[in-house]
Amino acid sequence: MAMGSATPQADTADATPRAKRPGGRSARVQSAVYAAVGQLVGAGQRDTMTIPEVADLAGVNPTSIYRRWGSIDALLGEVAVAALTQGEPLPDTGVLRDDIAEWARVIAADIGRPKRRAYLRAMVAARDDVVEVCPCWEIRREQVEEMIARARERGEATPSVRQLLDHVIAPLYHHAVFGLAVDDAYVAELVDDVAAMLGAAPGSAGGR
């Protein structure tokens, strides 16, 4: 079943290209630093860790971290983005509604874990002002654009990219940051809400 019968909406926002992955020694340093930050966050030191502590645990020179990231807040923000947007598959069920439901369930299961909540809060804490671009948000935008493009090729009516981001992803991240439930039942409610915007009757998706 398609998401609804409304006319597909145009999406005007452009996705920001992802930065190239580092290679060689740079990749090894990044991996060691990321792992060290993860260990410190897991040990409850998110708010107190310093670059020298990260460097010592990672086995790298603090100067390398200062030169690459500049500050502990910038490092925390980058690690949070990496932790929160890597590893989950992008579903391709042949039906957009089921794609969205499965994709959102995977994200919800990930960010509902204590360490992932800590990473999310770290990323929020690293922001001291309004930003023009949020890498985590842009990666989610790219994923939404891909799912919607596939659905339109199949002739399905679709919501806009903005609708899916604002009415599925934003509520999930909000709930995770504030310690609220991000379970399958909540995901299903969000998917039904998007379907209702298009005039589709709420219903089962992905095994619900």
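The rules behind each value
- Residues numbered from 1 in each chain as written.
- Predicted model: local features only at pLDDT ≥ 70, side-chain atom pairs only at ≥ 80, totals over all residues.
- Heavy atoms only, no water.
- Helix = DSSP H or I, 4+ residues; strand = E, 2+ residues; numbered from the N terminus.
- Expected span 1.5 Å × (residues − 1).
- Bend = angle between axes of the 7 residues up to and from the residue.
- Buried < 20%, exposed > 50% of the residue type's maximum accessible area, 1.4 Å probe, protein only.
- Contact = heavy atoms within 4.5 Å.
- pLDDT = per-residue confidence, 0-100.
- Patch = residues over 30% accessible without salt bridge, like charges linked within 9 Å, V, L, I, M, F, W, Y side chains within 5 Å.
- Areas by Shrake-Rupley, 256 points an atom, 1.4 Å probe, with all protein chains shown as cover.
- Salt bridge = Lys/Arg side-chain N within 4 Å of Asp/Glu carboxyl O.
- Lys, Arg positive; Asp, Glu negative; His and termini not counted.
- Charge placed at Lys NZ, Arg CZ, Asp CG, Glu CD.
- Axes fitted to C-alpha atoms, helices over the stretch in contact; angles between N-to-C directions.
- Parallel < 35°, antiparallel > 145°, perpendicular 65-115°, else oblique.
- Left-handed = near helix turned anticlockwise from the far one by under 90°.
- Nonpolar A, V, L, I, M, F, W, Y, C, P; charged D, E, K, R; others polar.
- Core = buried A, V, L, I, M, F, W, Y, C linked by side-chain atoms within 4.5 Å.

Between its first and last C-alpha, helix α8 (residues 161-177) extends 23 Å over 17 residues, near the 24 Å set by a 1.5 Å rise per residue. Considering bend angle alone, the principal kink of α8 is centred on Ala170 and spans about 30 degrees; proline Pro171 follows within four residues of it. Within α8, 12 of the 17 residues are buried, which leaves the element mostly enclosed by the surrounding structure. What α8 keeps buried is the set Val161, Gln163, Leu164, Leu165, Val168, Ile169, Pro171, Leu172, Tyr173, His175, Ala176 and Val177. At its buried positions, α8 is contacted by α4 (72-84), α5 (96-111), α6 (114-125), α7 (135-153) and α9 (184-197). Downstream of α8 by a residue or two, Gly179 has a phi angle that is positive, lying close to 75 degrees.

Among the secondary structure elements, Ala125 is positioned in helix α6. Since its relative accessible area comes to 48%, Ala125 is described here as partly exposed. Through-space distance from the C-alpha of Ala125 to that of Asp47 is 9.0 Å; in sequence the pair is 78 residues apart.

Take α5 next. Across its 16 residues, α5 extends 22 Å between first and last C-alpha, which sits within 8% of the 22 Å expected from 1.5 Å per residue. Taking burial as the measure, the 16 residues of α5 include 12 buried ones, the bulk of the element. What α5 keeps buried is the set Leu96, Arg97, Asp99, Ile100, Ala101, Trp103, Ala104, Arg105, Ile107, Ala108, Asp110 and Ile111. Looking at the packing, one finds that the buried side of α5 touches α4, α6, α7, α8 and α9.

Before going further, it helps to spend a moment on the confidence of the model for the protein chain. When pLDDT drops low, the exact placement of atoms in the prediction is not to be read closely. On average, residues of the protein chain score 82 in pLDDT, and 83% of them reach the 70 mark or higher. Contacts from residues 4-21, a stretch scored under 50 in pLDDT, to residues over four places away or in other chains number 34 contacts. When the criterion is pLDDT under 50, residues 204-208 qualifies, and its contacts beyond four places in sequence or with other chains add up to 10 contacts.

This next bit is on a negative patch on the surface. Together, Asp183, Asp184, Glu189 and Asp193 give the surface a local cluster of negative charge. For Asp184, the position within the fold is in helix α9. On the accessibility criterion, Asp184 (48% relative accessible area) is partly exposed.

The next subject is the packing of α7 against α8. Two elements in contact, α7 and α8, have axes whose closest approach is 10 Å; the angle formed by their N-to-C orientations is 130 degrees. The angle between α7 and α8 falls in the class oblique. When the axes of α7 and α8 are compared, the crossing they make is right-handed. Where α7 approaches α8, its residues Cys136, Trp137, Arg140, Arg141, Val144, Glu145 and Ile148 are matched on the opposing element by Val161, Leu164, Leu165, Asp166, Ile169, Ala170 and Tyr173. Along the lines of polarity and charge, the residues of the contact of α7 with α8 split into 10 nonpolar, no polar and four charged.

Core analysis: the biggest nonpolar cluster contains 58 residues, and Val33, Val37, Val54, Ile65, Leu75 and Leu172 have the highest contact counts within it. Residues contacting Val54, with those up to four places away along its chain left out, are Val33, Ala36, Val37, Leu40, Met49, Ile65, Ile72 and Leu75.

Moving on, we come to the pattern of salt bridges. Where charged atoms of side chains with opposite charge meet at close range, the side chains can pair. If you walk through the whole model with that rule in mind, you get 12 salt bridges. In this structure, Arg150 and Asp92 form a salt bridge, with 3.5 Å as the shortest nitrogen-oxygen distance. Here Arg150 is found in helix α7, whereas its partner Asp92 is found in the loop between α4 and α5, with 58 residues between them in sequence.

Further remarks concern the environment of Glu145. With respect to the secondary-structure elements, Glu145 resides in helix α7. Taking C-alpha positions, Glu145 is 9.7 Å from Leu164, a pair spaced 19 residues apart along the chain.

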